[in-house]
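Spelled out from the first residue to the last, the chains are:
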Amino acid sequence: MSAEPRAPLIEPGHTFGSVTDKISAIVLGKGTRGGWWLGFAISFSLLMVLNVSIGYLLIRGVGIWGINVPVAWGYAITNFVWWIGIGHAGTLISAILLLLRQKWRTSINRFAEAMTLFAVACAGLFPLMHLGRPWLFYWLLPYPNVMGTWPQFRSPLVWDVFAVSTYATVSLLFWYVGLMPDLATLRDRARTRVTQVVYGILSMGWRGSAVHWHRYETASLLLAGLATPLVVSVHSVVSFDFAAGIIPGWHSTIFPPYFVAGAIYSGFAMVLTLAIPLRKFYGLEDFVTMRHLDNMAKVMLATGLIVAYGYMMEAFMAFYSTGIPDRYMLVNRATGPYAPVYWLLITCNIILPQMLWSRKVRQSVPMLFFLSLVVQTGMWLERFIIVVTSLHRDFLPSSWGMFYPTAWDWATFAGTVGLFLTLFFLFIRYLPMIAIFEMRGLVPESQEKAKS
Amino acid sequence: MPQVFHPSTNTISRVSIYGSFLALIVLSFALYWVGESPYYTEVNVPVDQTVPFSHRHHAGELGIDCRYCHTSVETSSFAGIPPTKTCMTCHSQIWTNSEMLEPVRLSYATGKSLVWNRVNALPDFVYFNHSIHVHKGVGCTTCHGPVADMPLTWKANTLLMGWCVECHRAPEKYVRPRAEVFNARYEPPSTFHPVTFRGRKYYEQESMGRELVKAYGVQSLTTCYTCHR
C-alpha cells in the first residue's frame, strides 16, 4: 500500500461498551428479523432436500448417482474436496494469522471458524455416503475388531480419515475455547432465566478472572500451534488421494501445494461471500471494514496466482514427461468432451480474478461479492475436472467412458449447501458472530488514531 | 444480580464431564464384552435338534469315523450332512422301536429329509473349502472342538474372521499329521504325549508344525481374495 496511514480496523467513535452492545444485541435482541427467517427457511428447505437424498441413497445405494466404471468418484469426491478446502481459510485466519499477530483477523475469525466447522461437516458426509454401506464407516478406524485386521495404513484414504477427524476436532476446540469469554458476556447480559442458564452452561463458569485469562491465552496459543500445521497437512493429505494414484492427471508431485493454495483460495472466497451480506444486513460495516475486504481480496489474488502456477506446471510436466497418456490428458481436458467445463474453470479461477489487481475493484463491494462467487464456482469446477476428466479417459481406450450427473447428484450437493447455510444461520442468530472481547482489544488503538 | 447457578453446579459439571469420558470407556468395553460373549457368537451354546443326535455317543463312545457320515469332507468344499439312509444302516437293526428315532424312520419312509439346525455356518461372502484344509493337516477338532464330548453339538469357535486369520497367519501352530486329522481324541504333542510324524517323535507343536508346513506345502494365505472371492 501507499505511504498514507492505514485505515483503522474499527471505525472511530466506538467504545468498549458500544462494541459489546452492538454485537451482543444481534443475539440477545428481542424478536428475529424477517430477513433471517427468509434465509433460514430457504436453507432449511435445502437441508430437507439433503435428508431426502440421503434417505433415498440408503435405500437404493450409490447407483442413484451418475457414477460408474470408469468414473467411480464423481460428485461425491468433488464435493468432498471442495467443502474441505473451503474450511481452510477459517483455520488460516484463526491460527496462522493469530501467530503472525495480524490484528485484522479479529473481526472475521469467529465466523470464519464457524464456516470451517460447518464446511468440514458437509465435507465429511460425502466420503461416508460414497462408501456404499455408510453404516459400516467405523471399519475405517483402527480398533480391535473381530476381523483380526487393521485398516490399510498405506492407503491415503485412511490418512484422510485421520486428517479430517483431527481437523474437525481441533477446529471445534479452537472455536469453542474462543467463544467462552463471549458466551459469558451473553450470560451476563441475558434477560431471561432460560438464556442465562443456557449461555451459563455453555460458558463453563467463565468469570473473567486473571487466572482464566492466563489459561485462555495459553490454550488458544497451543491450539493455534496445533491448527497451523493442519492448514497445510489436511489438504495435502486430501491431494494424496489423487497423487498416490497412477491415473494421468493425478500422479503428480505438484498436488499438495497446489491443493493447499486452492483450498485457501476458495476458503477466502467463501469468507467474502458470507461477510459481505452479513455486514450489510446487521450493519457491521464499522467492524468488518473495507480494509478487511481489501486484505481478503489480496489473499485471494495471491493464492489464485499460486493455483495458476499449479495449472502451468501441470501442463509443463505433461509436456516435459513425454508420457503419451499424460500429454493426452492435457489435450483431452482442453479439447475433449469436458472442454467447456475446463475453459469455464480457467475463466473463473484465473482470468476473472485478475481484476483484483485493480484497487477500484477491491474497493467495490458488489464486485468483490461477484468475484467471490466466481472463484468458488471455479474451484468447484477444478475439482470436477481433476476427478472426472482424469478418470474418464485413462491408459486404455477400451475402458473409456463418460460421467453425467443425475438429479440426485445435484440434490445431494444442493442439500449440503442447505446444511451449511442452516448451521450458519443458527450460528449468527444464537452465537456472537464477531469475537466481542477481541474487538474490545482494538478499541484503544482506534480511539488514539481518531484523536491524532 | 443473583447468581445464575447454585454452588453445587461446580461439582455437577465436573462429575458430568469426567463421568461422560468414563462412561464412554465403560461403554466401549461393554460393547466389546457383548461382542465376545456367547450371547452374540453362540459359542458353547448347544443347538436343539429335532432328533437329539449325540456326537459324544456316536463319535466318542462308539468311535465311528467322522467320514462315515460326513462323506464329502475330503473331496468337496462341504463336509456333507448324511442322508437318512446313513442313519438307517444301523438303526434299521438297533433301537428300531425307540421313540426318539421316530422322525428318522418317518423320514426314511416318506423320503423327506430330516431338517437339522445348522451349528457352524459361514456367511455367503466367504469361500471356504473343507477338503483343502483336511488335506493340509487341519484336524476336525481344531475348528470343531471336542466333538467326541458333545451330547448335543455346539459351535466351538466363533468362526469370526479374526479367528480364521489367526491360523492363516501362522498355520504351523495348528497343523497335525494327516494320519491324525480324523482322530477325534488327538492331542497336540507335549512332553508326555509325543506325536510321531515320518518316524520322528515330536514333543512340541512348533518344531512339528514347521516340518508339517514344509512337508505338506502349507501356505500362509492372507490376501483378501483367498476367502472373499
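Remember, predicted model here, so these are calculated numbers, not experimental data. (Residues numbered from 1 in each chain as written. Chains lettered and ligands numbered in written order. Predicted model: local features only at pLDDT ≥ 70, side-chain atom pairs only at ≥ 80, totals over all residues.)

### Here we look at the overall build of chain B
Here's step 1: Helices and strands together make up the secondary structure of chain B, namely ten helices and two strands.
Here's step 2: Taken from the N to the C terminus, the helices and strands of chain B come in the order α-α-α-α-α-α-α-α-α-β-β-α.
Here's step 3: For 229 residues, the compact-globule formula gives about 17 Å, and the C-alpha radius of gyration of chain B, at 25 Å, lies well above that figure.
Here's step 4: Across its three principal axes, chain B shows a C-alpha extent of roughly 95 × 50 × 40 Å.
Here's step 5: Put simply, chain B has 229 residues, and 14% of those count as buried. (Helix = DSSP H or I, 4+ residues; strand = E, 2+ residues; numbered from the N terminus. Rg over C-alpha atoms; globule rule 2.2 N^0.38 Å. Buried ≥ 20, exposed ≤ 12 C-beta atoms within 10 Å, placed from the backbone.)

### Let's talk about the overall build of chain A
Here's step 1: Secondary structure assignment for chain A yields 15 helices and zero strands.
Here's step 2: Taken against the 2.2 N^0.38 rule, which gives 22 Å for 452 residues, the C-alpha radius of gyration of chain A at 23 Å falls within 12% of a compact globule.
Here's step 3: In terms of overall dimensions, chain A has a C-alpha envelope of 70 × 60 × 40 Å along the principal axes.
Here's step 4: Residues classed as buried in chain A amount to 41% of the 452 residues present.
Here's step 5: Expressed as a percentage of contacts within chain A between residues at least 6 apart in sequence, the contacts between residues at least 24 apart total 82%. (Contact = placed C-beta atoms within 7 Å.)

### What about the packing of helix 9 (residues 290–321) of chain A against helix 10 (residues 324–335) of chain A?
To characterise two packed helices, one gives the angle between the axes of the helices and the distance between these axes.
Residues and elements named next belong to chain A.
Here's step 1: Interhelical geometry of helix 9 versus helix 10 gives an angle of 140 degrees and a closest axis separation of 7 Å. Our classification of the angle between helix 9 and helix 10 gives oblique. Judged by the sense of rotation from one axis to the other, the crossing of helix 9 with helix 10 is left-handed. In this structure, helix 9 contributes Ala-315, Ala-318, Phe-319 and Ser-321 to the contact, and helix 10 contributes Asp-326, Arg-327, Met-329 and Leu-330. (Axes fitted to C-alpha atoms, helices over the stretch in contact; angles between N-to-C directions. Parallel < 35°, antiparallel > 145°, perpendicular 65-115°, else oblique. Left-handed = near helix turned anticlockwise from the far one by under 90°.)

### Here we look at the interface of chain A and chain B
Here's step 1: At the interface, eight residues of chain A touch eight residues of chain B.
Here's step 2: Ranked by residues supplied to the side of chain A that touches chain B, first place goes to helix 6 (residues 193–202) of chain A with three residues.
Here's step 3: For the side of chain A that touches chain B, a count of residues per class yields three nonpolar, four polar and one charged. (Nonpolar A, V, L, I, M, F, W, Y, C, P; charged D, E, K, R; others polar.)

### A few points about unusual backbone geometry
Here's step 1: Each neighbour pair has its own omega, and for Val-69 of chain A with Pro-70 of chain A the value is 5 degrees, a cis peptide bond.
Here's step 2: Mapped onto the elements, Pro-70 of chain A comes out in the loop between helix 2 (34–60) and helix 3 (74–99).
Here's step 3: One non-glycine residue, Trp-95 of chain B, lies in the positive phi region at around 55 degrees.
Here's step 4: Inspection of the secondary structure assignment puts Trp-95 of chain B in the loop between helix 5 (84–91) and helix 6 (102–110).
Here's step 5: On the basis of neighbour counts, which here come to 12 C-beta atoms within 10 Å, the residue Trp-95 of chain B falls in the exposed class.

### Overview of the environment of Asp-241 of chain A
Here's step 1: On the secondary structure map, Asp-241 of chain A appears in helix 7 (residues 210–243).
Here's step 2: The residues contacting Asp-241 of chain A, other than those within four sequence positions of it, are Pro-156, Leu-157 and Asp-160 of chain A.

### A few points about helix 10 of chain A
Residues and elements named next belong to chain A.
Here's step 1: Compared with an ideal rise of 1.5 Å per residue, which puts twelve residues at 16 Å, helix 10 spans 16 Å between its outermost C-alpha atoms and is within 8% of the ideal.
Here's step 2: Among the residues making up helix 10, those that are buried are Met-329, Leu-330, Asn-332 and Arg-333. Projected down its long axis, helix 10 shows its buried positions confined to an angular sector of 165 degrees, all on one face. Within helix 10, the exposed residues directed more than 90 degrees away from the buried face are Ile-324, Val-331 and Thr-335. (Expected span 1.5 Å × (residues − 1). Arc of directions from axis to C-beta.)

### Notes on the domain arrangement of chain B
Here's step 1: Partitioning chain B into domains gives domain 1 (8–36), domain 2 (55–61 + 70–80 + 120–226) and domain 3 (82–115).
Here's step 2: The C-alpha-based centres of domain 1 of chain B and domain 3 of chain B are spaced at 57 Å. (Domains from an automatic or database assignment.)

### Considerations on the nonpolar core
Here's step 1: Counting residues in hydrophobic clusters, the biggest one holds 116 residues, and the most contacted among them are Ile-84, Ala-119, Phe-268 and Val-271 of chain A.
Here's step 2: The contact partners of Ile-84 of chain A, leaving out residues within four places of it in the chain, are Ala-119, Val-120, Ala-123, Val-164, Val-234, His-235 and Val-238 of chain A. (Core = buried A, V, L, I, M, F, W, Y, C linked by C-beta atoms within 7 Å.)

### Description of the packing of helix 5 (residues 156–189) of chain A against helix 6 of chain A
Residues and elements named next belong to chain A.
Here's step 1: Axis separation between helix 5 and helix 6 bottoms out at 8 Å; the angle between their running directions is 160 degrees. With respect to helix 6, the element helix 5 is oriented roughly antiparallel. As for how helix 5 packs across helix 6, the hand of that crossing is left-handed. Listed contacts from helix 6 to Leu-183, Leu-186 and Arg-187 of helix 5 are Gln-196, Tyr-199, Gly-200 and Leu-202.
Here's step 2: For the contact of helix 5 with helix 6, a count of residues per class yields four nonpolar, two polar and one charged.

### Some details on the environment of Trp-104 of chain A
Residues and elements named next belong to chain A.
Here's step 1: Relative to the elements of secondary structure, Trp-104 occurs in the loop between helix 3 and helix 4 (106–130).
Here's step 2: It is 9.9 Å that separates the C-alpha atoms of Trp-104 and Met-296, two residues lying 192 residues apart in sequence.
Here's step 3: Other than its neighbours up to four places away in sequence, Trp-104 contacts Leu-9, Arg-291, His-292 and Asn-295.

### Structural notes on the environment of Val-4 of chain B
Here's step 1: In this fold, Val-4 of chain B is placed in the segment before helix 1 (8–36).
Here's step 2: You can call Val-4 of chain B partly exposed: it has 16 C-beta atoms within 10 Å.
Here's step 3: The residues contacting Val-4 of chain B, other than those within four sequence positions of it, are Arg-187, Gln-196, Val-197 and Gly-200 of chain A.

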